[in-house]
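One-letter residues, chain by chain:
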Amino acid sequence: MPLLGVNIDHVATVRQARRASTPDVVAAARAALAGGADSITVHLREDRRHILDQDVSRLSKMPGLRLNLEMAATEEMIRIARVSRPDSVCLVPEKRQELTTEGGLDVAGQMARVRAACRKISDKGIHVSLFIAPDLDQVAAAKDAGADFIEIHTGAYAHAKGPARVLELRKVQDAASTALGLGLKVNAGHGLDYVNVGPVACLPGLYELNIGFSIVGRALFVGLETAVREMKALL
């Protein structure tokens, strides 16, 4: 059974709609942990559209919280990570105009840059994960770049229908198997919800699934603690 990481970005999205102080992401993290979350993920975007610097600072100081910080591999973000010292950092591609992360990081095409980022982050004792498509060349590149983990982008699987979904699931499985053979730990996430998560959760060797939007959406009706508990039960 994989662990469950809960992304609480969209709790901050609601808060930032009014530039208010609530709903509070620290309170959201506590509720998610009460529901059985094994870690909390936040994405500090360059445009600060939801999570803010002070959110990262406060969450990184919470006792008993394992914090995973998603971020672009920029000097600004690397500096923030080295100061805030989350338990892990997941490097992701980022475009200002996108609604959500649209694809995996091109590690093979940016090897020198990604390797340097991995080194600067891991020097502070922070585990480094690379968010990549289920592509075997990218898996091998992640190992070469010095990552501890990969996180497999499951968006293509989540959006596919019928036989195409079976093919996409196989790609995730093959990428995970290859990564495990290289000594990498394997997370997965993006687009996973209460309907499609089961087949991914059954794949052997996955360490953690990171899920956010569907849980926060469900929480509007049942509360965050219950929404997390329901997802945990599905895993």
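Values in this document were obtained by computation on a predicted structure and should not be read as measured data.

So, how was this worked out
- Residues numbered from 1 in each chain as written.
- Predicted model: local features only at pLDDT ≥ 70, side-chain atom pairs only at ≥ 80, totals over all residues.
- Heavy atoms only, no water.
- Phe/Tyr/Trp six-rings, centres within 6.5 Å; stacked < 30°, edge-to-face > 60°.
- Helix = DSSP H or I, 4+ residues; strand = E, 2+ residues; numbered from the N terminus.
- Buried < 20%, exposed > 50% of the residue type's maximum accessible area, 1.4 Å probe, protein only.
- Lys NZ or Arg CZ within 6 Å of the ring centre and 35° of its normal.
- Contact = heavy atoms within 4.5 Å.
- Pairing = 2+ DSSP bridges.
- Axes fitted to C-alpha atoms, helices over the stretch in contact; angles between N-to-C directions.
- Polar contact = N/O pair within 3.5 Å; in protein donor to acceptor, adjacent residues only side chain to side chain.
- Parallel < 35°, antiparallel > 145°, perpendicular 65-115°, else oblique.
- Left-handed = near helix turned anticlockwise from the far one by under 90°.
- Nonpolar A, V, L, I, M, F, W, Y, C, P; charged D, E, K, R; others polar.

The subject of this paragraph is the packing of aromatic side chains. Scanning the entire structure with this criterion turns up 1 aromatic pair. Plain terms: the ring middles of Phe-149 and Tyr-207 are 5.6 Å apart, the flat faces sit at 65 degrees to each other, and that makes the pair edge-to-face. Of this pair, Phe-149 sits in strand β6 (residues 149–153) while Tyr-207 sits in the loop between α9 (197–201) and β8 (208–211), placing them 58 residues apart in sequence. According to the relative accessible area criterion, Phe-149 is buried, its value standing at 11%. Its relative accessible area of 31% is what places Tyr-207 among the partly exposed residues. Sitting above the plane of the Tyr-157 ring, Arg-165 keeps its charged end 5.1 Å from the centroid. Cation over ring: Lys-185 sits above Tyr-207, and NZ or CZ is 5.1 Å from the ring centre.

By the element assignment, Leu-3 lies in strand β1 (residues 3–7). Sequence separation between Leu-3 and Leu-167 is 164 residues, and the spatial gap between their C-alpha atoms is 24 Å. Contact partners of Leu-3, with chain neighbours within four places excluded, come to Asp-38, Arg-66, Tyr-207, Glu-208, Leu-209 and Leu-235.

Sheet architecture is closed into a barrel: 8 strands sit in the order β1-β2-β3-β4-β5-β6-β7-β8, paired in parallel fashion. Each strand of the sheet is rotated relative to its neighbour by a mean of 25 degrees, with strand direction disregarded. With 5 bridges connecting them, β6 and strand β7 (residues 185–189) associate as parallel partners. Bridge pairing links Ile-150 to Val-186 in β7. In this fold helix α5 (residues 111–122) packs onto β3 (67–71), β4 (88–91) and β5 (127–132), with an angle of close to 150 degrees to the strand it touches most, β5.

Its place among the elements puts Asn-68 in strand β3. For Asn-68, a relative accessible area of 7% translates into the label buried. A polar side-chain atom of Asn-68 sits 3.0 Å from a polar atom in the side chain of Thr-41. Once residues within four sequence positions are removed from consideration, Asn-68 is found in contact with Ile-40, Thr-41, Val-42, Ser-88, Val-89, Cys-90 and Asn-210.

Two numbers describe how helix α10 (residues 213–222) lies on helix α11 (residues 224–234): the axes approach to 7 Å, and their chain directions differ by 125 degrees. Considering the angle they form, α10 stands oblique to α11. The interaxial crossing formed by α10 with α11 has right-handed handedness. In contact with Ser-214, Ile-215, Arg-218, Ala-219 and Val-222 of α10, α11 contributes Leu-224, Thr-226, Ala-227, Val-228, Glu-230 and Met-231. Across the contact of α10 with α11, the residue classes tally to 7 nonpolar, 2 polar and 2 charged.

To continue, consider the packing of α5 against helix α6 (residues 136–145). Taken N-terminus to C-terminus, the directions of α5 and α6 make an angle of 50 degrees; their axes are 9 Å apart at the nearest point. Between α5 and α6, the angle is such that the two are oblique. Our pair here, α5 against α6, has a crossing hand that is right-handed. Between α5, through Met-111, Val-114, Arg-115 and Cys-118, and α6, the contact on the second element is made entirely by Ala-141, Asp-144 and Ala-145. Partitioned by chemical class, the residues of the contact of α5 with α6 number 5 nonpolar, no polar and 2 charged.

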